[in-house]
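# Structural features, examined
Chain by chain, the residues:
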Amino acid sequence: MMFARMEGTAFVLLLTAVAVYAVPVKLKAVSILQPPFLMEKDDAAKFSGKDKYEGFVIDLLDEACATADCTYDIQLVADGKYGQKLDGGKWSGMVGEVLDGKADLIAAPLTLNTEREAVISFTKPWMTHGLTFMMNREDVFGEAGLPYNLAYFLSPFSVGVWLLILLVFFVVSMIIALFNMFDPYEYGKKVDRGSLKQGQYGTFDLREALLFCFAALTFQGVYKPPLSIASRVMAVFWWFFCVVTVATYIAAMVQTTALAGSLQSPKFAEFRDLVAAPEDFKFGPMGGGSTEAFFKKSRIPEFRKASERMSKSNDSTSESTSAAVKRVQAGKYAFIGEFAMIDYVVSRKCDTVMVGSLLTSLSYAFGLAKASPNTAKLSAAIQELGEAGNLNALHDKWWHTNQHCRNSKVDADEVTGRDSMYEGTGLPITLNEFGGPLIVLLIGVLCAVIALVAEIVYYKLKGKKEGSNKRPLNETGGSTHPLEEKA
């Protein structure tokens, strides 16, 4: 009888355990508005609870809870802080709400550090980042727009290419002018024979050849084209050279203009430039966060100097990222923050720019109460999502979509000079890239010379028989060429 009673009790306990396991755990999550991690939807007024929000954290929690068998509701932190230890030993922000039992989960870009890890537990990191700073573009490069450089229009081509184009221009003009002198079917020889009136058409001398070649280079029409086959062959190859040159110049100019914001050496390229800025230039992180604590505890001289300078000013910190961005856009202020947040902002607000390399390496993770059984479940789910590539897919979705600002990052290694700025871009165009069109033009010169020789030989053989029935004369007594118009 007793055995049966014990067996029944065990069965009831087993059913209770199965029922508890079958019901998903509902977590009270606390977060903070921080694009693109958490944002209110455009039509948030139509929804309530977590349905009002969207962002990287929402997508990550949805996928993690699908694996960890949990649900969640989300609320915003009351004081708008991430969490920092106060003088009395209490904690502010989201960390404080978890410690007070108001929330089970910190679902936000919470930086993992030893001080926080002493009071709450962290899941496995789901994003690795670092500290950097953002500034107004004009504060970095000076006045907005293209650099003040009278020779800016020459920047797509190297000096060697410009000299080559100038040399080729004069050489082709001289070749066409020489054809006018020696080709029996060109203007010069026809005028000498009386086939054309000099006052009516003039001659195709060097001046006319220069005008013709320049008109072709600038895509302008000419009133008097060459007459002979040799000159026209030369003109065709010169036109090809001009088309390739102009097309290459336009393409390179477009790319150069896109890089124009970085053609000047920046006033700020690394953190030491910021620390050495004039006293009226303010900089600082968001107040009450791990970044502010990092500078206060750092033993690196440069960071300690920055912390001392920030502590002297009452307005060095900002209440939120959005407030910091507005201060940056107003000028004379640099915001120090996490790379992920700043990277998102500068790729969408083109009057701002990220400056310098990462100051340190940090990680984002979810925070829960100490000894919470959900920490291990969420950690396993996050690890599984990382191994499946889902974390990278979410990052691409929220960071790499709708980017429309170019040159949003400035690094000392990338903009120390103009040559380093062009490295890897193929600019400026050099003689190595211009070899193809030049070879084609040389082939054109060869073909034109062959045509000239052929015309001279043809004229020698047939031109002497002018006046005979085999070769009729035109109205002025000159010979008729297959491409020649009657005077």
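Quick caveat: nothing in here was measured; it's all calculated off a predicted structure.

Calculation notes
- All chains use their own residue numbering, which begins from 1 and follows the written sequence.
- Local features are withheld for residues below a pLDDT of 70 in this predicted model, meaning they are given only at 70 or higher, and side-chain atom pairs are given and counted only at 80 or more; totals for whole chains, interfaces and linings count all residues.
- With hydrogens and water stripped out, all remaining heavy atoms of the structure feed into the side-chain values.
- Counting from the N terminus, the helices are the DSSP runs of H or I reaching at least four residues and the strands are the DSSP runs of E reaching at least two.
- Using a 1.4 Å probe on the protein chains alone, a residue whose accessible area is under 20% of its type maximum counts as buried, one over 50% counts as exposed, and one in between counts as partly exposed.
- Residue contacts are defined here by distance: any two heavy atoms, one from each residue, within 4.5 Å place the two residues in contact.
- With residues, only the protein chains shown are counted as cover, and all accessible areas are computed by Shrake-Rupley using a 1.4 Å probe.
- Whether two strands pair depends on DSSP finding at least two bridges between them.
- The predictor rates its confidence in each residue with pLDDT, a number between 0 and 100.
- What makes a patch is a set of residues exposed beyond 30% relative accessible area and free of salt bridges, joined within 9 Å when like-charged and within 5 Å when nonpolar (Val, Leu, Ile, Met, Phe, Trp, Tyr).
- The term salt bridge refers to a side-chain nitrogen of Lys or Arg lying within 4 Å of a carboxyl oxygen of Asp or Glu.
- By disulfide we mean two sulfur atoms from cysteines, separated by a distance within 2.5 Å.
- Pairing of aromatic side chains here covers Phe, Tyr and the six-membered ring of Trp, requires ring centres within 6.5 Å, and sorts the geometry by plane angle: under 30 degrees stacked, over 60 edge-to-face, intermediate tilted.
- In this context, the arc is that of the directions from the helix axis out to the C-beta atoms.

### Some remarks on the overall build of the chain
The secondary structure content of the chain amounts to 19 helices and 12 strands. A burial count over the chain gives 46% of its 487 residues as buried. Taking the intrachain contacts of the chain between residues at least 6 apart in sequence as the baseline, contacts between residues at least 24 apart amount to 74%. About 25,300 Å² of surface is accessible on the chain, with carbon and sulfur atoms providing 60% of the total.

### Some words on the pairing of strand β9 (residues 333–338)
Most of β9 is tucked away: six of the six residues are buried. Here strand β7 (residues 127–136) runs beside β9; their pairing, made up of four bridges, is antiparallel. In the strand pairing of β9, Thr132 is matched with Gly337. As defined by bridge partners, strand β8 (residues 282–284) adjoins β9 across three bridges and the pair is classed as parallel. Considered in β9, the bridge of Gly284 is made with Phe335.

### Focus on the confidence of the model for the chain
Looking at the chain as a whole, its pLDDT mean stands at 80, while 79% of the residues score no less than 70. By mean pLDDT, helix α18 (residues 418–422) is the weakest element of the chain at 43, and strand β6 (residues 120–122) is the strongest at 95. Overall, residues 1–6 carries pLDDT values under 50, and its contacts beyond four positions in sequence, including any with other chains, amount to zero contacts. Throughout residues 414–425 the model reports pLDDT below 50, and contacts reaching past four residues in sequence, or to other chains, amount to 23 contacts.

### Focus: a nonpolar patch on the surface
Taken together, the side chains of Val449, Val453, Val457 and Leu461 make up a nonpolar region of the molecular surface, amounting to roughly 340 Å² of accessible area. Considering the arrangement of structural elements, one finds Val453 in helix α19 (residues 435–462). The partly exposed category is assigned to Val453, whose relative accessible area is 47%.

### Brief notes about the pattern of salt bridges
Under the definition given, this model contains nine salt bridges. A salt bridge links Glu319 to Lys81; the shortest N-O distance between them is 3.5 Å. Residue Glu319 is located in the loop between α13 (301–312) and α14 (321–330), and its partner Lys81 is located in the loop between β4 (70–76) and α3 (93–99); the two are separated by 238 residues in the primary sequence. On the accessibility criterion, Glu319 (60% relative accessible area) is exposed. Across the salt bridge formed by Arg272 and Glu302, the nearest N and O atoms sit 4.0 Å from each other. You can see Arg272 sitting in helix α11 (residues 271–275) and its partner Glu302 sitting in helix α13, a full 30 residues away along the chain. What emerges from the salt-bridge pattern is a single network uniting Glu270, Arg272 and Glu302.

### Considerations on the side chain of Ser158
Here Ser158 is to be found in the loop between α5 (137–141) and α6 (159–182). Taking relative accessible area as the criterion, Ser158 reaches 15% and is therefore assigned buried. Apart from the residues lying within four places of it in its own chain, the contact partners of Ser158 are Pro428, Ile429, Thr430 and Leu431.

### Quick word on the environment of Lys102
Among the secondary structure elements, Lys102 is positioned in the loop between α3 and β5 (105–111). C-alpha separation for the pair Lys102 and Lys28, spaced 74 residues apart in sequence, amounts to 7.9 Å. Discounting residues that sit within four places of it in the chain, Lys102 has contacts with Lys28, Gln75 and Glu97.

### Side note on the state of the cysteines
Scanning the model with the defined rule gives one disulfide in all. Free cysteine Cys213: the closest other cysteine sulfur is in Cys242, separated by 7.4 Å. Cys242 gets classed as buried once you look at its relative accessible area, which sits at 0%.

### Quick notes on the pairing of strand β1 (residues 25–31)
The pairing of β1 with β4 spans seven bridges and is classified as parallel. Bridging across to β4, Ser31 finds its partner in Leu76. Direction of pairing for β1 relative to β5: parallel, over a ladder of two bridges. Residue pairing in the sheet places Ala29 in a bridge with Leu105 of β5.

### Considerations on the packing of aromatic side chains
This structure, assessed with the given rule, holds 23 aromatic pairs. Considering the side-chain rings of Trp126 and Phe366, the 5.4 Å spacing of their centres and the 45° angle between planes classify their relative orientation as tilted. Remark: Phe366 occurs in strand β11 (residues 361–369) and Trp126 occurs in the loop between β6 and β7; sequence separation between them is 240 residues. Accessibility assignment for this pair places Trp126 and Phe366 in one class, buried.

### Overview of helix α17 (residues 390–399)
The complete set of buried residues in α17 reads Leu391, Leu394, Trp398 and Trp399. When α17 is viewed along its axis, its buried side chains cluster within an angular range of 110° and face the same direction.

### Quick notes on unusual backbone geometry
Of note, the amide linkage connecting Pro35 to Pro36 takes the cis form, showing an omega dihedral of -5°. At Asp69, a position not held by glycine, the phi torsion is positive, near 60°. The backbone of Ala371 shows a phi angle near 65°, a positive value even though the residue is not glycine. Along the polypeptide, Ala371 turns up in the loop between β11 and α16 (374–387).

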